[in-house]
Amino acid sequence: MTTTILDHWVGGAPWPGASDRTSPVYNPALGRVQKEVRLASAGDVDAVVGVAHEALTQWRGASISKRQGVMFAFRELLNARKQELAEILTAEHGKVLSDALGEIARGMEVVEFACGVGHLTKGAYSENVSTDVDVYTLRQPLGVVGIISPFNFPAMVPLWFFSIALAAGNAVVLKPSEKDPSAANWMAALLREAGLPDGVFNVVHGDKQAVDALLEHPGIAAISFVGSTPIAKYVYETATGHGKRVQALGGAKNHMLVLPDADLDLAADAAVNAGFGSAGERCMAVSVVLAVDAVADQLVAKVAERMATLRTGDGTRGCDMGPLITGPHRDKVASYIDVAAADGATVVVDGRGVTVDGDPNGFWLGPTLIDRVPTSSSVYSDEIFGPVLSIVRVDGYEHGVEMINASPYGNGTAIFTNDGGAARRFQREVTVGMIGINVPIPVPVAYHSFGGWKASLFGDAKAYGPHGFDFYTAEKAITSRWLDPSHGGLNLGFPQHT
Ligand code: NAD
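Residues numbered from 1 in each chain as written. Predicted model: local features only at pLDDT ≥ 70, side-chain atom pairs only at ≥ 80, totals over all residues.

### Examining the UniProt feature "domain: Aldehyde dehydrogenase" (unreviewed entry) in the protein chain
Stage number 1. Following the UniProt record, the feature "domain: Aldehyde dehydrogenase" (unreviewed entry) maps to residues 18-478 here.
Stage number 2. Along residues 18-478 one finds 42% helix and 22% strand; the C-alpha atoms at either end are 45 Å apart. (UniProt positions renumbered as here; feature names shortened; annotations may be inferred. Helix = DSSP H or I, 4+ residues; strand = E, 2+ residues; numbered from the N terminus.)

### Focus on the packing of helix α2 (residues 64-80) against helix α7 (residues 182-193)
Stage number 1. Viewed as axis vectors pointing N to C, α2 and α7 meet at an angle of 130°, and their least axial separation amounts to 9 Å. Relative to α7, the element α2 is oriented oblique. In the crossing of α2 with α7, the sense of the turn from one axis to the other is right-handed. Two secondary-structure elements touch here, α2 through F74, L77 and L78 and α7 through L190, L191 and E193. (Axes fitted to C-alpha atoms, helices over the stretch in contact; angles between N-to-C directions. Parallel < 35°, antiparallel > 145°, perpendicular 65-115°, else oblique. Left-handed = near helix turned anticlockwise from the far one by under 90°. Contact = placed C-beta atoms within 7 Å.)

### Brief notes about the site of the ligand
Stage number 1. In the vicinity of the ligand, 26 residues are found, and the nearest of them are P150, G227, S228, G251 and C283.
Stage number 2. Looking at side-chain class alone, the shell around the ligand contains eleven nonpolar, ten polar and five charged residues.
Stage number 3. Residues lining the shell around the ligand come from more than one domain, with at least three contributed by each of domain 1 (5-250 + 456-479) and domain 2 (254-437). (Near = placed C-beta within 6 Å. Nonpolar A, V, L, I, M, F, W, Y, C, P; charged D, E, K, R; others polar. Domains from an automatic or database assignment.)

### Examining the nonpolar core
Stage number 1. Counting 90 residues, the largest nonpolar core has V145, I164, V172, L214, I223 and V235 as its most contacted members.
Stage number 2. In this structure I223 touches G146, I148, L214, L215, V235, A239, K244 and V246, once residues within four positions along its chain are discounted.
Stage number 3. Counting 68 residues, the second-largest nonpolar core is a separate cluster that includes V96, V292, V379 and I384. (Core = buried A, V, L, I, M, F, W, Y, C linked by C-beta atoms within 7 Å. Buried ≥ 20, exposed ≤ 12 C-beta atoms within 10 Å, placed from the backbone.)

### Thoughts on the confidence of the model for the protein chain
Stage number 1. Predicted confidence across the protein chain gives a mean pLDDT of 97, with 99% of residues reaching 70 or more.
Stage number 2. Listed scores for the predicted complex are pTM 0.97 and ipTM 0.98. (pLDDT = per-residue confidence, 0-100.)

### Details of the domain arrangement of the protein chain
Stage number 1. By domain assignment, the protein chain separates into domain 1 (5-250 + 456-479) and domain 2 (254-437).
Stage number 2. Distance from the C-alpha centre of domain 1 to the C-alpha centre of domain 2: 31 Å.
Stage number 3. Each side of the interface is counted separately: domain 1 has 18 residues, and domain 2 has 25 residues.
Stage number 4. Residue composition of the side of domain 1 that touches domain 2, by class: eight nonpolar, six polar and four charged.

### A closer look at unusual backbone geometry
Stage number 1. A positive phi angle, close to 55°, is found at S278, a residue other than glycine.
Stage number 2. Relative to the helices and strands, S278 resides in the loop between α10 (264-276) and β14 (286-292).
Stage number 3. The backbone phi angle of A279 is positive, close to 55°, even though this residue is not glycine.
Stage number 4. Locating A279 in the fold gives a position in the loop between α10 and β14.

### Description of the environment of H93
Stage number 1. Positionally, H93 belongs in the loop between α3 (82-92) and α4 (97-114).
Stage number 2. A tally of 31 C-beta atoms within 10 Å means that H93 is categorised as buried.
Stage number 3. Distance in space between the C-alpha atoms of H93 and K233 is 25 Å, their sequence separation being 140 residues.
Stage number 4. Non-local contacts of H93, meaning those with residues more than four positions away in its chain, are made with F151, P154, D180 and I325.

Pasting the structure below:
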């Protein structure tokens with residue numbers, strides 16, 4: 001049997017490149033390799049950047065209405081064919097189909113935001129700042145920008161970035177995760193169908209070699225990265241060292257604080273949804289519930305009760321939770337259950353014994369609940385990135401906030417309470433970029449911006465929304481005077497307003 005090989009997408013068509021290295025792409029629900037993906041060399045990346053530069057001149061000169069038209073057409077095509085894309089996501093990532101459709105919907109929001117690029121591009125104008133002198137600003141595209149994305153949102157994260165980058169007049173080279181790369185090619189073909197000129201959007205597949213080539217390439221003006229914290233830091237340092245504008249979003253360990261006055265049923269629903277959705281492989285997953293002592297036993301019981309109703313299995317079969325991305329990742333996540341027991345925590349639900357509706361070779365691990373996790377344990381401090389929910393008991397609001405603020409991460413957090421004063425204090429006091437008040441996964445809508453604090457984001461610009469548009473454009477300020485004869489004469493002093 002011949003293995004399918006997924007090519008890069010360059011200049012509006014699949015392109016094999018020169019490198020003969022490839023990497024396997026699994027169907028995690030079957031535990032089987034379904035195709036190979038090419039891994040680009042530095043030479044391949046250089047060729048792709050060259051193609052993008054050739055296409056850039058025409059695209060950056062295209063009118064705003066032309067660029068908006070392409071984005072509108074892309075949005076319509078994406079909406080009409082989202083089921084097809086969702087099936088690709090489920091086949092390579094493993095997330096259940098309904099969750100894959102949710103991912104696409106959240107990505108499509110950003111395409112809709114990008115359709116309003118005409119509004120975003122408007123500059124400021126100050127008339128007569130000095131006699132007969134006007135000052136105005138305009139924003140222009142940066143050039144060819146690189147996007148490097150993680151495995152856990154193979155459609156949404158690229159959509160966060162490329163929609164705005166393209167609408168703003170840039171050309172793009174996307175390097176998606178090699179674990180689930182097909183969504184990127186699918187979206188590239190759809191952009192072409194929407195009328196995007198060839199070469200403006202390119203996909204280069206690869207691993208560290210391709211990433212390093214992008215970070216160092218003089219033809220790349222900016223890098224948007226999403227992935228784990230150590231790589232985000234490396235990307236930020238390397239690419240800024242090569243003079244690029246960089247936003248690098250990293251990992252997370254999101255805490256949900258439940259105060260005694262909260263509605264415990266709603267809080268338990270939220271903890272289960274946000275802890276186990278997408279098998280916990282979300283950067284905004286709740287991985288630690290901080291339960292105030294007075295209600296902790298009750299809350300743990302309610303969470304465990306709900307977990308017993310979850311169906312783990314193949315994402316195409318209407319299950320609640322799918323497999324993990326790879327066998328080694330599943331094994332690593334599962335190993336934390338033994339660590340928890342050894343560190344003195346209580347394993348309330350052990351996902352290793354789960355009954356699965358799917359192929360026995362899939363990369364399964366059922367929902368796992370661990371109570372009384374000591375903060376000295378790696379179960380508490382590591383980003384596990386799987387269906388393992390920790391409960392840490394705290395004695396009250398202050399203790400909870402102290403723990404959230406002591407975390408090296410600052411992506412998302414949530415408070416569950418019916419006390420408006422406590423919620424208001426929480427939003428002021430926590431050192432976290434995205435905060436939910438009775439909302440467990442506070443991913444901002446597309447016209448706000450997404451990003452954490454501390455080790456969850458390196459750089460100054462968050463993703464999408466106003467930050468996204470600013471990131472992909474450079475501002476010029478123009479001081480203009482239309483001359484008349486009264487302005488003659490020499491004066492070497494510093495310009496002053498008259
Ligand atoms: P990852 O860091 O392993 O990979 C991300 C990207 O970097 C991939 O394209 C990969 O090919 C590349 N890469 C991997 N190792 C590299 C290396 N040594 N040098 C250069 N490039 C390298 O992350 P992942 O496992 O794909 O994704 C999961 C991580 O992403 C989690 O930590 C999660 O929290 C994080 N994440 C963060 C956000 C956010 O918005 N903050 C969103 C989604 C995911």
